[in-house]
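Observations on the three-dimensional arrangement
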Amino acid sequence: MIAKVNGKLLSLLLKMILNLSNLTEEMEKRLSDQLRYLTISAIDEEWGIVVTTVGYQFIPPKGNYPLSKHPDNYNFKGSGYFSSQSCKMQKINAGTMILLFPGEWHSYYPDSETGWDEYWVGFRGVHIDRRVEKRFFTREEPLQHIGLSATIVGLYEDILKFASQEKTGYQEMISSIVLHILGTVYYKRRNNSFTNTY
């Protein structure tokens, strides 16, 4: 995620680790590495939030990371490690969302024994600025342990679908989905609603 606070650009990252063991074979075949950097118009900026990048990536056990295309993410399978300037090294597991802030040193990588699958979305705008300014999301708490969520994965897949088509109004659609994801994360955190839905 990307945001501006007091005129300074912030980068927030949504990474989610999930467990695909319950997915059907057909669903697994559909998933392949995807990376999109998106076009943004002046009208899109007026919406108050724009999506700059979106993707999905599979890192197999013993696989190299980062790949040549380095994402920001939601990890939905496997485990790994995360640290940042404001957060000491922590193990992360499936169902963890990572928020990355611009200008904040960070490091994350999958466990070599498990690898991981990840979705990511990068964004910026006044709607994000306000949420960061009001401390709904903070550098001190970049890890959101929200559990495995078929709903969240479905929302990421919707963003990927609309982004691949780039039809008129797609930025407004996908940026609104980002707000839905953030609202879901906030709700789950506030209500200790971290159950897996796979």
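Below: a short report on this structure.

What counts, and where the lines are drawn
- Residues numbered from 1 in each chain as written.
- Predicted model: local features only at pLDDT ≥ 70, side-chain atom pairs only at ≥ 80, totals over all residues.
- Heavy atoms only, no water.
- Helix = DSSP H or I, 4+ residues; strand = E, 2+ residues; numbered from the N terminus.
- Polar contact = N/O pair within 3.5 Å; in protein donor to acceptor, adjacent residues only side chain to side chain.
- Axes fitted to C-alpha atoms, helices over the stretch in contact; angles between N-to-C directions.
- Parallel < 35°, antiparallel > 145°, perpendicular 65-115°, else oblique.
- Left-handed = near helix turned anticlockwise from the far one by under 90°.
- Contact = heavy atoms within 4.5 Å.
- Nonpolar A, V, L, I, M, F, W, Y, C, P; charged D, E, K, R; others polar.
- Buried < 20%, exposed > 50% of the residue type's maximum accessible area, 1.4 Å probe, protein only.
- Pairing = 2+ DSSP bridges.
- Expected span 1.5 Å × (residues − 1).
- Core = buried A, V, L, I, M, F, W, Y, C linked by side-chain atoms within 4.5 Å.
- Salt bridge = Lys/Arg side-chain N within 4 Å of Asp/Glu carboxyl O.

Quick look at the side chain of glutamine 57
Among the structural elements, glutamine 57 can be located in strand 5 (residues 50-59). A polar contact is formed between the side chain of glutamine 57 and the side chain of glutamate 118, at a distance of 2.8 Å.

A few points about the packing of helix 4 (residues 150-165) against helix 5 (residues 170-190)
The packing of two helices is summarised by the inter-axis angle and the distance between the axes. Between helix 4 and helix 5, the least distance of the axes is 9 Å, while the angle of their chain directions is 165°. Put simply, helix 4 runs roughly antiparallel to helix 5. Helix-helix and strand crossings are classified by hand; for helix 4 and helix 5 the assignment is left-handed. Contacts from Ile152, Leu155, Tyr156, Asp158, Ile159, Phe162 and Ala163 of helix 4 reach helix 5 at Tyr170, Met173, Ile174, Ile177, Val178, His180, Ile181 and Thr184. The class makeup of the residues in the contact of helix 4 with helix 5 is 12 nonpolar, two polar and one charged.

Let's talk about the pairing of strand 10 (residues 116-124)
Within strand 10, eight of the nine residues are buried, which leaves it mostly tucked inside the rest of the structure. Across nine bridges, strand 5 lies against strand 10 in antiparallel orientation. Residue pairing for strand 10: glutamine 57 is matched across the bridge by glutamate 118.

A look at helix 5
Taking 1.5 Å of rise per residue, the 21 residues of helix 5 would be expected to cover 30 Å, and the 30 Å separating its terminal C-alpha atoms lies within 8% of that figure. Listing the buried residues of helix 5 in full gives Tyr170, Gln171, Glu172, Ile174, Ser175, Ile177, Val178, Ile181, Leu182, Thr184, Val185 and Lys188. Remark: asparagine 192 follows helix 5 within two positions and exhibits a positive phi of approximately 50°.

Concerning the nonpolar core
Val121, Phe123, Ile159, Val178 and Ile181 are the most contacted members of the largest nonpolar core, which totals 29 residues. Put simply, the parts of the chain that give this core at least two residues each are strand 5, strand 10, helix 3 (126-133), helix 4 and helix 5. Counting residues in each nonpolar core, the second largest holds nine residues, with Cys87, Leu100, Tyr108 and Trp116 among its members.

Observations regarding the environment of glutamate 140
Following the sequence through the fold, glutamate 140 ends up in the loop between helix 3 and strand 11 (143-145). Judged by relative accessible area, glutamate 140 falls into the partly exposed class, the value being 45%. Residues glutamate 140 and lysine 88, spaced 52 residues apart in sequence, show a C-alpha to C-alpha distance of 9.7 Å. Here arginine 135 takes part through its side chain, which lies 3.3 Å from a polar atom of the side chain of glutamate 140.

Some thoughts on the pattern of salt bridges
Summed over the entire model, instances satisfying the criterion amount to four salt bridges. A salt bridge links glutamate 104 to arginine 139, with the nearest nitrogen and oxygen atoms 2.8 Å apart. Linking glutamate 104 in the loop between strand 8 (96-98) and strand 9 (106-110) with arginine 139 in the loop between helix 3 and strand 11, this pair joins segments that are 35 residues apart in sequence. Residue glutamate 140 pairs with arginine 135 through a salt bridge whose shortest N-O separation is 3.3 Å.

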